[in-house]
Amino acid sequence: MTTPDDDKPYREQRVAPPGDLAWHRDGGFLVATGTCPVCGHRTDKSLVDIVPGTVTKGLPWGRKKPQANRDRTVDCECRITHREADERNGCGACWTVRLPEEGAL
Ligand SMILES: [Zn+2]
Ligand SMILES: [Zn+2]
């Protein structure tokens, strides 16, 4: 259990994804929510699940698309302004998530 740390200075670092990472769909976006492992604040990040360049023109609908890389980098976007963050969001932490399979949400 992480205690929120509002006083955490901004620092760019790659960390393990939140243990409570969860997904939901919001309009055309996939939204990853979770508790930032570094600062302990709730963060949510909207991601587009269509990878640019993987939609081939002229491909008939329903045909299986080539398997795209579904890994995405998510930055901490908590609502707290951390020390030394200036205009940036969050505490500087980022982590890699894998998009849920198509149709899983
Ligand atoms: Zn934070
Ligand atoms: Zn954070």
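Whatever comes next refers back to the structure up there.
The structure reproduced in this document is the subject of the present report. Everything numeric in this text was worked out from a predicted model, so none of it was measured.

Thresholds applied
Residues numbered from 1 in each chain as written. Chains lettered and ligands numbered in written order. Predicted model: local features only at pLDDT ≥ 70, side-chain atom pairs only at ≥ 80, totals over all residues. Heavy atoms only, no water. Donors = N, O, S within 2.8 Å, 3.2 Å for Na, K, Ca; no water. Tetrahedral: all angles 85-135°; square planar, octahedral: opposite > 155°, others 65-115°. Buried < 20%, exposed > 50% of the residue type's maximum accessible area, 1.4 Å probe, protein only. 1 Å grid on protein atoms, 1.4 Å probe; cavity = no way out; pocket = protein on both sides within 12 Å on 5 of 7 lines; lining within 4 Å. Points joined across faces, edges and corners; volume = space filled by probe spheres on them. Pairing = 2+ DSSP bridges. Helix = DSSP H or I, 4+ residues; strand = E, 2+ residues; numbered from the N terminus.

**Looking at the coordination of the zinc ion (ligand 2)**
The protein atoms donating to the zinc ion (ligand 2) are Cys36 (SG), Cys39 (SG), Cys76 (SG) and Cys91 (SG), with metal-donor distances spanning 2.2 to 2.4 Å. Each of the four donor atoms around the zinc ion (ligand 2) contributes to a set of angles spanning 103 to 114°, which defines the coordination as tetrahedral. Here the zinc ion (ligand 1) and the zinc ion (ligand 2) are spaced 3.7 Å from one another, each receiving a donor from Cys39. By relative accessible area, which is 0% here, Cys36 ends up buried. Using a relative accessible area of 0% as the deciding quantity, one classes Cys39 as buried.

**Brief notes about the coordination of the zinc ion (ligand 1)**
Every protein donor of the zinc ion (ligand 1) is accounted for by Cys39 (SG), His41 (ND1), Cys78 (SG) and His82 (NE2), and the metal-donor separations fall at 2.0 to 2.3 Å. Within one chain, the residues donating to the zinc ion (ligand 1) are spaced in sequence as C-x1-H-x36-C-x3-H.

**Focus: empty space enclosed by the protein**
What the rule picks out here adds up to one cavity of 30 Å³ or more. Together, Arg25, Leu30, Asp49, Arg70, Pro100, Glu101, Glu102, Ala104 and Leu105 line the largest cavity.

**Some remarks on the sheet that holds strand β6 (residues 93-98)**
Strand order in the open sheet formed by three strands is β1-β6-β5, with mixed pairing between adjacent strands. Looking at strand neighbours, the two that pair on one side only are β1 (13-14) and β5 (71-75), the edges of this open sheet. Sheet analysis places β5 next to β6, joined by five bridges and oriented antiparallel. Across the sheet, Thr73 pairs through a bridge with Thr96, a residue of β6.

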